[in-house]
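Read off the chains here:
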Amino acid sequence: MARITAGVASSHVPLLGVAHDFGKDRDDYFSPIFAGYDWTRQWEKAEKPDVVVLVYNDHASAFDMKIIPTFAIGCGERYKPADEGWGPRKVPDVIGHPDLAWHIAQSLILDEFDMTIINEMDVDHGLTVPLSMMFGDVPEWPCKVIPLAVNVVTYPPPSGNRCWALGEAIARAVASFPEDLNVQVWGTGGMSHQLQGPRAGLINAEWDNDFLDGLIGDTDRLRHIPHIEYLRETGSEGIEMVMWLIMRGALGKRTAALHRHYHVPCSNTAIGHMVLRPDNGEGLDMTGSGHALAAE
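Keep in mind that what you see is a predicted model, and the values were worked out from it rather than measured.

**Points about the overall build of the protein**
Scanning the protein from terminus to terminus reveals eight helices and ten strands. Taken over C-alpha atoms, the radius of gyration comes to 17 Å for the protein, in line with the 19 Å a tight globule of 296 residues would show. Taking the principal axes of the C-alpha coordinates as reference, the protein spans close to 50 × 50 × 40 Å. Every one of the 296 residues in the protein was classed for burial, and the buried ones make up 57%. Long-range contacts, defined here as pairs at least 24 residues apart, represent 80% of the contacts in the protein between residues at least 6 apart. A total of about 12,400 Å² of accessible surface is found on the protein, and carbon and sulfur atoms cover 53% of it.

Written out as C-alpha cells, the structure is:
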C-alpha cells in the first residue's frame, strides 16, 4: 500500500526562487538561508519519494477573484511554471500523479471534504520555490507532485482545525491506495510576515519558533489557533501557516523532528523549515543515511 513517510514544511518566498535561478544562493545575504536546506537536499536524495502532496497557495496565477476555491486538488498529468509578470521560472514542468490524485480526491469528497478538482493549471512560486529549495537545480523534478491549493489570500480562509482534519483525511486516502508508493506531504508558506499597511515588515520570531515547537510530538494545540491570533501575532500573511497543519495532520498522532531551520529575514519574511517523521512511539533509527537531526 502507499504510505506517508515524512512531512516537510517550508516558506515559499518568491525571492528565494530569484536567488536560486540567478545563482545568488551562496552570496552573503542568501547563503545562511540556503545553508539550512543543504541537509534536506541530501536527505531527499536518500529518501527518494515517489510522490509529494504539495500544499501551497496560489498567488492569482491559476485563481483570481472570479473563483476562490477553499481547497483545490490538481489531478492533471503536467503543470507548467506560471508567468507571474516577469516570465515563467526556468525550472522543470511539474509532473502529476493522476491515479493517486483522483483516488485522494474521491476519498476526500466521500470523507465530506468538498474539494475542487483541477485538471489544468499553471503553478506559481508557492509550489515551484519549495521544489527548488528541496531538490536544487535539476533537469527534472525527481518525483511526481500532487498540487493541493488552499485559499489563504481572501478571507475567510479555512481554520487550522479544518486543515489538520484534511491532513488526517489525506493520510486515510493514501493508506487505501493499493500501489506501493513512498509519499511525502509538504506544507508551505509563512512564516510571520506582512506585506502592506502600517505593520508592513512585521516578523515575530518568538511566535514562529513556538509554532515550530508545536509541530513536534503528540500535541495538537496548533489546530486550535484562531484566525485573529495569526493576524495579530504574525501579520496579514502569517495565516499561510495553516497550510503547514495539513502536513502535520497527515503524519498521525505523534511526530519526531529530523531537521529544523529558522532565519530572519528573507526580504520582509521569516524563513522556517522543518522535516518531520511520523513516530509510532517505538522511536526512530537516527543512525542511517539522512536520519541525523540537525538543530539550528
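Structure shown, so let's carry the discussion forward.
**Concerning the sheet that holds strand E1 (residues 3-10)**
Pairing within the open sheet is mixed, and its eight strands lie in the order E6-E3-E7-E2-E8-E1-E10-E9. The open sheet terminates on both sides in strands that have one partner only, identified here as strand E6 (116-118) and strand E9 (255-266). Within the sheet, the average angular offset between the axes of one strand and its neighbour, ignoring direction, is 20 degrees. Looking at chain direction, strand E3 (residues 71-74) and strand E7 (residues 144-150) are connected through three bridges and run antiparallel. Within the sheet, the bridge partner assigned to Ile 73 lies in E7 and is Leu 148. Relative to E3, helix H3 (residues 98-110) is tilted by about 150 degrees, and along the sheet it contacts strand E2 (51-56), E3, E6, E7 and strand E8 (182-188).

**Digging into the environment of Leu 181**
With respect to the helices and strands, the residue Leu 181 is situated in the loop between helix H5 (160-175) and E8. For Leu 181, a relative accessible area of 5% gives the class buried. Each residue touching Leu 181, except ones within four places of it in the same chain, is listed here: Met 1, Ala 2, Arg 3, Asp 50, Val 51, His 97 and Leu 100.

Procedures and definitions
- Residues numbered from 1 in each chain as written.
- Predicted model: local features only at pLDDT ≥ 70, side-chain atom pairs only at ≥ 80, totals over all residues.
- Heavy atoms only, no water.
- Helix = DSSP H or I, 4+ residues; strand = E, 2+ residues; numbered from the N terminus.
- Rg over C-alpha atoms; globule rule 2.2 N^0.38 Å.
- Buried < 20%, exposed > 50% of the residue type's maximum accessible area, 1.4 Å probe, protein only.
- Contact = heavy atoms within 4.5 Å.
- Areas by Shrake-Rupley, 256 points an atom, 1.4 Å probe, with all protein chains shown as cover.
- Pairing = 2+ DSSP bridges.
- Axes fitted to C-alpha atoms, helices over the stretch in contact; angles between N-to-C directions.

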